[in-house]
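If you want the building blocks of each chain, they are given just below.
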Amino acid sequence: MTTAPDSDRARPEPAARSVRPARPADTVLSVLRDPRLLTREALAGVVTTLALVPEVISFSVIAGVDPMVSLVASIVLALVMSVLGGRPAMVTAAAGSVALVIAPLVREHGTDYVLPTVVLAGLVQLAFGLAGLARLMRFIPRSVMIGFVNALGVLIFVAQVPHIIDQPWVVYPLFVLTIAIVVLLPKVTKAVPAPLVAIVVVTVIAVAARLDVHTVGDEGPMGGGLPGLTPWLAPFTLETLQIIWPTALSVAFVGLMETLLTAKLVDDLTETPSHKGKESWALGVANIAAGFYGGIAGCAMIGQTVVNVKIGRARTRVSTIAAGLFLLLLVTGLSAVMSAIPMVALAAVMMIVAITTVDWHSLKPTTLRRMPVPETLVMVVTVAVVVATNNLALGVAVGVLLAMVLFARRVAHVITVERHVTPGAVAGTEAGSRVAEASDASNAGGAGAGLDGPPSPETVRYDVVGPLFFGSSNDLVEHFSYGDDPESVTVDLSRAQVWDASSVAALDSVDEKFRAHGVTATFVGLDDRSEAFHGRLTGRLG
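Criteria and thresholds
Within each chain, residues carry numbers counting from 1 in the order of the written sequence. For this predicted model, a pLDDT threshold of at least 70 governs which residues receive local features, and a threshold of 80 or more governs which side-chain atom pairs are given and counted, while totals over whole chains, interfaces and linings are taken from all residues. The basis for every side-chain value is the complete set of non-hydrogen atoms in the structure, without hydrogens or water. Numbering of helices and strands runs from the N terminus; a helix is a DSSP stretch of H or I covering at least four residues, while a strand is a stretch of E covering at least two. The cut-offs for exposure are 20% and 50% of the maximum accessible area for each residue type, with area from a 1.4 Å probe on protein chains only; residues under the lower value are buried, those over the upper are exposed, and the others partly exposed. Only heavy atoms enter the contact rule, under which two residues are in contact if any of them lie within 4.5 Å. Here the open area of atoms and residues is found with the Shrake-Rupley method and a 1.4 Å probe, where only the protein chains shown may cover a residue. All axes here are fitted lines through C-alpha atoms, helices being fitted over the stretch that makes contact, and every angle between N-to-C directions spans 0 to 180 degrees. Oblique is the label for any angle not under 35 degrees, not over 145, and not in the 65 to 115 range, which are roughly parallel, roughly antiparallel and roughly perpendicular in turn. It is the rotation of the near helix from the far one that decides the hand of a crossing: anticlockwise by less than a right angle makes it left-handed, clockwise makes it right-handed. For this classification, the nonpolar set comprises Ala, Val, Leu, Ile, Met, Phe, Trp, Tyr, Cys and Pro, the charged set comprises Asp, Glu, Lys and Arg, and every other residue, Gly included, is treated as polar. By definition, pLDDT measures how confident the predictor is in each residue, and it falls between 0 and 100. Throughout this description, the term salt bridge denotes a Lys or Arg side-chain nitrogen within 4 Å of a carboxyl oxygen of Asp or Glu. Note on pairing: two strands pair once DSSP finds at least 2 bridges between them. When the strands point away from the viewer, a crossover counts as right-handed if the route from the first strand across the helix to the second turns clockwise. Expected helix span is given by 1.5 Å per residue-to-residue step, counting one fewer step than there are residues. Values of bend correspond, residue by residue, to the angle between axes fitted over the seven residues ending at that residue and the seven starting there. Here a polar contact is taken to be a pair of N or O atoms separated by no more than 3.5 Å, where protein atoms must pair a possible hydrogen donor with a possible acceptor and residues adjacent in sequence count only if both atoms sit in side chains.

Student: I'm lost on the overall build of the protein chain in this one. Help?
Tutor: Each helix and strand in the protein chain was counted, giving 21 helices and six strands. Burial analysis of the protein chain (542 residues in total) assigns 48% to the buried set. In the protein chain, of all internal contacts separated by at least 6 residues, the share reaching a separation of at least 24 is 85%. Accessible area for the protein chain stands at about 26700 Å²; split by element, carbon and sulfur atoms hold 63% of it.

The structure is reproduced here in structure tokens:
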């Protein structure tokens, strides 16, 4: 046994580097016990609400419903998801993506069919979450996520431009003032969110000076008071189901996709995990509740969530509860105050949010040069589709499909087939080095000189390396030398795996071609799963 020299054994080990323990994640209980954290969460919710209101109102116009419908539904969604959701600090409200899906139904059949559509969509989301299908999120590649985030930043920024361009000249000083407060105030103090201070200051200036600027109230009427339960006006018939089910499925899956992608984004921003399954079924419950008390569905609001988490530094459900309650207060008692907020102030805040949302590192030339071309292509296509269609869910779906195609194309070329020929051994001699000696003796002394018997035939072994599936196994049959092989060959699959029926069919084709040339092929080395799969299908695929 070899031992280390004394000098090595005597050498002291380096001292372990001290690691600062990670700060435990904030909880609702810890926030309620700490006035500083409670203030932070409450103010984050207030800022988020102020950023939420204009978008909710504009989305209601897109959907073709009354603004109060979207505002009340947003209150219900925010509060229900705060209690039941699986991702703390994520903001849920009546969203533009859902409005875009519902709008054609409203134009064609009227608002009577909105409630049954929302309820059916909620039931689909409920079943999706309870079935554990949220785990499918793991199949969204990083390049698609980066494209999603970058496209989100572009959409948020572009949506604010109309509130800045072609406006009265007084808008521009207010815009500059809002930007200055949001950027510079955190350098002085972070006790109060800078966006909240900016919105209050600009609103006071606009009201006191009676400036003629576009306000939140110009986006739509906001009378005080709350509506009652939404009446069910559509008939309970099969025809109603035929009308609503396509829209309901679209609402369900668009909402789920945006919610789960936003949850993953918040996971990365806060470095804390979330329960995607719980978030999915909770969204279904929240949408059903919002349908009956409000009248429209929603999902995670990505831009407002970024405001809550990045600018407001919120981390718990307290912030979204505060957002829901403050929105309730605005709708019922402070609608006049809410109506007076200049849109330029909210637009400036959201533009800063958009700029901070974009993953600028992914766009650096050095990063683009290092990244594989397919990864960059997927990111660019995702951004392009989202910006062109104004639909985040569609962009992500196209990005995932493109990533799958490019991945399958790359993997299709990783299969290798290596042919190994072993020279025939001589009867009565040892294989290996004595084969060459026997061959030399045969050449020097004539046939049979120094040999005990005729040589045995050479053997051929094929080593198949790589995963076998529909993309990689299509040309597998072309990798074998059928006419040049002896009567028996071995195909070693110990470094391959059989994943689908296409691969089994390809192996059957290889076997048939060998038999057509009078060669017996023996397939060896499959792992237990592949062998069981191959045995179940081989010879039965026609």
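Student: Even after reading the chapter, I still don't get the packing of helix H6 (residues 114–130) against helix H10 (residues 238–270), so can you show me in this structure?
Tutor: Pairs of packed helices are described in terms of their axes, by the angle between the two and the distance that separates them. In contact at an axis separation of 8 Å, H6 and H10 are set at 50° when each is read in the N-to-C sense. The orientation of H6 with respect to H10, classified from their angle, is oblique. Considering how the two elements wind past one another, H6 and H10 form a crossing that is right-handed. From H6, Pro116, Thr117, Leu120, Ala121, Val124, Gln125 and Phe128 reach across to H10, where they touch Leu241, Ile244, Trp245, Thr247, Ala248, Leu249, Val251, Ala252, Phe253, Gly255, Leu256 and Leu260. Residue classes in the contact of H6 with H10 are distributed as 15 nonpolar, four polar and no charged.

Student: I keep staring at the confidence of the model for the protein chain and nothing clicks. Help me out?
Tutor: Low pLDDT means the predicted atomic positions in that stretch should not be read closely. For the protein chain, the mean per-residue pLDDT works out to 83, and 87% of the residues sit at or above 70. Taken together, the stretch residues 1–22 has pLDDT below 50 and engages in two contacts with residues farther than four places along the chain or on a different chain. Note on residues 427–451: pLDDT is under 50 here. Beyond four places in sequence and across chains, it has 18 contacts.

Student: Looking at this structure, I do not really get the pattern of salt bridges. What am I missing?
Tutor: Where charged atoms of side chains with opposite charge meet at close range, the side chains can pair. Using the criterion set out here, one finds nine salt bridges in the structure. Of the charged contacts, one joins arginine 419 and aspartate 485 as a salt bridge, the two residues approaching to 2.5 Å between their closest N and O atoms. Taken together, the residues span a long stretch of sequence, with arginine 419 in strand E3 (residues 416–422) and aspartate 485 in the loop between strand E4 (459–468) and strand E5 (488–498) at a distance of 66 residues. Given the relative accessible area of 10%, aspartate 485 is considered buried. One network of salt bridges, with partners in common, ties together Glu418, Arg461, Asp463 and Arg495.

Student: I would appreciate a short explanation of the pairing of strand E6 (residues 520–524) in the present structure.
Tutor: Remark: a regular strand shows side chains that alternate across the two faces of the sheet. Both E5 and E6 contribute to a ladder of five bridges, which runs parallel. The residue bridging threonine 490 from the neighbouring strand is threonine 522, located in E6. As a crossover connection, the stretch from E5 through helix H20 (residues 501–516) into E6 is right-handed.

Student: So what exactly am I meant to see when it comes to helix H5 (residues 96–109) here?
Tutor: Note on helix geometry: an α-helix contains 3.6 residues per turn, so any two residues three or four positions apart are oriented the same way. Between its terminal C-alpha atoms H5 stretches 20 Å, which fits the 20 Å expected from 14 residues at 1.5 Å a residue. Where H5 bends most, at isoleucine 102, the angle is about 35°, and the proline proline 104 comes one to four residues later. Taken as a whole, H5 has its buried residues at Gly96, Ser97, Val98, Ala99, Val101, Ile102, Ala103, Leu105 and Val106. Just beyond H5, the residue with positive phi is glycine 110, at close to 90°.

Student: Is there a simple way to explain the pairing of E5 in this structure?
Tutor: Note that E4 and E5 share eight bridges and pair parallel. When the sheet's bridge partners are listed, valine 460 is paired in E5 with valine 489.

Student: Explain the environment of threonine 305 here, please?
Tutor: Locating threonine 305 in the fold gives a position in helix H12 (residues 302–311). Not counting residues up to four positions away in its chain, the partners in contact with threonine 305 are Ala89, Met90, Val91, Thr262 and Val266. Within polar-contact distance, the side chain of threonine 305 engages the backbone oxygen of methionine 301 at 2.6 Å.

Student: Where do I start with the environment of serine 82 in this structure?
Tutor: Looking at the element boundaries, serine 82 is found in helix H4 (residues 67–84). In this structure, the C-alpha to C-alpha distance between serine 82 and arginine 317, residues 235 residues apart in sequence, is 5.3 Å. In this view, serine 82 contacts Arg317, Thr320 and Ile321; residues no more than four positions away in its chain are not counted.

Student: Please explain the sheet that holds E6 as it appears in this structure.
Tutor: Sheet strands pair by backbone hydrogen bonding; their relative direction is either parallel or antiparallel. An order of E3-E4-E5-E6 is seen for the four strands of this open sheet, with the pairing classed as mixed. Unpaired on one side and paired on the other, E3 and E6 mark the two borders of the sheet. Put simply, the sheet's adjacent strands are angled 20° from each other on average, direction ignored.

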